[in-house]
Amino acid sequence: MTLVILFLVNVLNFYDRFTLGAVGESIRRDFHLNDAQLGGLTTAFTILYALAGWPLGRMADTRNRKTILVWGIAVWSGLTALGGFAGSYLTLLLTRVGVGIGEAACAPAATSWIGDATPPARRTRALAIFMMAVPIGGMLSFAINGPATQAFGWRVTLAFAAIPAMALIPAVLWLREPRTAGSHVMGSPSEQDPRQLARLPIFWWISVSGAVVNFALYSFSAFFAIFLIRYHHMTIGSAGLWGGIGSGIAGIAGALGAGALGDRVSRDHAGTRMRLAAVASLVAAPLMLAAISLPSGAIAGAITLMMLGYGLLQTYYGLVYAAMHDAVGPALRGTAMGAYFVVQYLGGAAWGPLVTGRLSDHFAQTARAGGASAETARAIGLHQAIYVVPALALVLAGVLWVGANASMLPAKLKRG
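How each quantity is defined
Residues numbered from 1 in each chain as written. Predicted model: local features only at pLDDT ≥ 70, side-chain atom pairs only at ≥ 80, totals over all residues. Heavy atoms only, no water. Helix = DSSP H or I, 4+ residues; strand = E, 2+ residues; numbered from the N terminus. Buried < 20%, exposed > 50% of the residue type's maximum accessible area, 1.4 Å probe, protein only. Contact = heavy atoms within 4.5 Å. Areas by Shrake-Rupley, 256 points an atom, 1.4 Å probe, with all protein chains shown as cover. Axes fitted to C-alpha atoms, helices over the stretch in contact; angles between N-to-C directions. Parallel < 35°, antiparallel > 145°, perpendicular 65-115°, else oblique. Left-handed = near helix turned anticlockwise from the far one by under 90°. Nonpolar A, V, L, I, M, F, W, Y, C, P; charged D, E, K, R; others polar. pLDDT = per-residue confidence, 0-100. Expected span 1.5 Å × (residues − 1). Salt bridge = Lys/Arg side-chain N within 4 Å of Asp/Glu carboxyl O. Core = buried A, V, L, I, M, F, W, Y, C linked by side-chain atoms within 4.5 Å. Polar contact = N/O pair within 3.5 Å; in protein donor to acceptor, adjacent residues only side chain to side chain. Phe/Tyr/Trp six-rings, centres within 6.5 Å; stacked < 30°, edge-to-face > 60°.

Further remarks concern the overall build of the chain. From N to C terminus, the chain includes 18 helices and zero strands. Here the chain holds 416 residues, and the buried ones make up 62% of them. Taking the intrachain contacts of the chain between residues at least 6 apart in sequence as the baseline, contacts between residues at least 24 apart amount to 86%. Counting every atom, the chain has about 15300 Å² of accessible surface; 69% of that belongs to carbon and sulfur.

Attention now goes to the packing of helix 11 (residues 201–230) against helix 18 (residues 388–404). Packed helix pairs are characterised by how far apart their axes lie and by the angle those axes make with each other. Packing of helix 11 against helix 18 brings their axes to within 9 Å, and their N-to-C directions diverge by 165°. When the axis of helix 11 is compared with that of helix 18, the two are roughly antiparallel. Once helix 11 is placed against helix 18, the crossing between them reads as left-handed. Residue-level contacts link I202, W205, V208, S209, V212, V213, F215, A216, S219 and F220 of helix 11 to V388, V389, L392, V395, L396, V399, L400, V402 and G403 of helix 18. Of the residues that constitute the contact of helix 11 with helix 18, the class distribution is 16 nonpolar, three polar and no charged.

With that settled, the discussion passes to the confidence of the model for the chain. Put simply, the chain has an average pLDDT of 82, and 87% of its residues get 70 or more. Taken element by element, the predicted model of the chain shows its lowest mean pLDDT in helix 6 (residues 123–131) (74) and its highest in helix 18 (93). When the criterion is pLDDT under 50, residues 181–190 qualifies, and its contacts beyond four places in sequence or with other chains add up to 16 contacts. Low pLDDT, under 50, characterises residues 409–416; the predicted model gives this stretch 23 contacts beyond four residues in sequence or across chains.

Structurally, G39 can be placed in helix 2 (residues 35–62). Residues G39 and L20, 19 residues apart in the sequence, show an inter-C-alpha distance of 9.9 Å. Contacts of G39, omitting those with residues within four sequence positions, involve F223, P353 and L354.

The next thing to look at is helix 18. Spanning 17 residues, helix 18 covers 24 Å between terminal C-alpha atoms, matching the ideal 24 Å at 1.5 Å per step. Turning to helix 18, its buried residues are V388, V389, P390, L392, A393, L396, A397, V399, L400, G403 and A404.

If charged atoms from side chains of opposite charge come close, those side chains can pair. On inspection of all chains with the given rule, the structure shows six salt bridges. Among the salt bridges present, the one from R17 reaches E103, with a minimum N-O distance of 2.8 Å. Residue R17 is located in helix 1 (residues 2–31), and its partner E103 is located in helix 4 (residues 89–103); the two are separated by 86 residues in the primary sequence. In terms of burial, R17 and E103 fall into one category: buried. One salt bridge in this structure joins R28 and E25, with 2.9 Å as the shortest N-O distance. Here R28 and its partner E25 are both found in helix 1, three residues apart, which amounts to about one turn of the helix. As far as burial versus exposure is concerned, R28 and E25 are alike and both buried. Among the ionic contacts, a cluster of salt bridges with common partners joins E25, R28, R29, D35 and R230.

Right, let's talk about the nonpolar core for a bit. I27, Y316, Y321 and Y340 are the most contacted members of the largest nonpolar core, which totals 119 residues. Take this core: its biggest share by element is 18 residues, from helix 11. Those residues in contact with Y340 that sit more than four places away from it in its chain are F203, I206, S207, G210, Y316, Y321 and M324. Grouped together as the second largest cluster of nonpolar side chains are six residues, F7, M132, A133 and A255 included.

A word on the side chain of S209. By secondary structure assignment, the location of S209 is in helix 11. Within the local environment of S209, its side chain forms a polar contact with the side chain of Y316, the two groups lying 2.7 Å apart. In contact with S209, not counting residues within four places along its chain, are Y316, V320, L396, V399 and L400.

Scanning the entire structure with this criterion turns up twelve aromatic pairs. Arranged with centres 5.6 Å apart and planes meeting at 85°, the rings of Y321 and Y340 form a pair that is edge-to-face. Of this pair, Y321 sits in helix 14 (residues 299–327) while Y340 sits in helix 15 (residues 333–349); the two residues are 19 residues apart in sequence, bridging distant segments of the chain. For the residue pair Y321 and Y340, the accessibility class agrees, reading buried in each case.

Dropping the structure here:
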């Protein structure tokens, strides 16, 4: 039951997070934004998410994780709703910053909780189930909020997006933490010293991989529905619905596959799990490249191929998060995840939508100079910019494969 409730918390975490991607084209038109400004909303969210991740990770190892989660849910859902009342781009930007701080409470506390409550032999499956919330939250957000935006506008959609998370707070309060929670771990002071993480090469490789995968996936989440609208001429509702359903099915399949394979690995848990993730990323790259290369109007092929690649990239979370927990003992799991989030978000996710948006604006200006109309130029620009996603899938495969060789860990950090 604990895993189910924490999974639902994470679903609604990503539901609120991806809402901006579902309503983004309407916000752009309403506030007359360019794609860099639109991507900047996600960048501001992600920077604060990352900065809050480290202290909240430390708190997850030393304080009551239930309290951390409840306050996080209240903050992120309340500010999501408040965004619907924003009268300017700056006001909306500030609400997204607050949402980032609230959502930063979820992953360190919840993954640390799961790591304490789950034996190593079942850890990949448990964490894969927890991270299945990414595609499910995205699926629900796009499939619900895209049509809702078309019917009622983005302001109403944001205001109501917060309700499900607030309703989950009583369930979180009902949970009991495992006795091996970070604040109760029996270990020497050296085992609880965060500086131990800096001595683990595999921690740094995993963190770099997180920066790469989230640069790609945040760019995907911010712009794929918009790409379908502009380049393939879908409506906002249809792009949200089919993009959401496709990403949900593919992501669930990827997460289940990661759980099934990851718990059957050899004794070198961390290294083998990372190699599996590397192979999945390597296969994802050409599928996504083919999806983007299809001509305008080839909607079914574009969505199918892109989602196959997306599903393979989603195996990353269950496999690599489990590798992190293999490498770090209970006394530092929350801290390790918090530090990992700082690196992955400040090093990658924060800049994915912004850089992709800037590339889109650059290519659109070039197309405009060549005589294309404004809307046609925007479609051309985003079509060219989104090639960054399959390119980074190749980079990710290389980082994971090299990092897997750093899986020989000091025994004193591999407890639990």
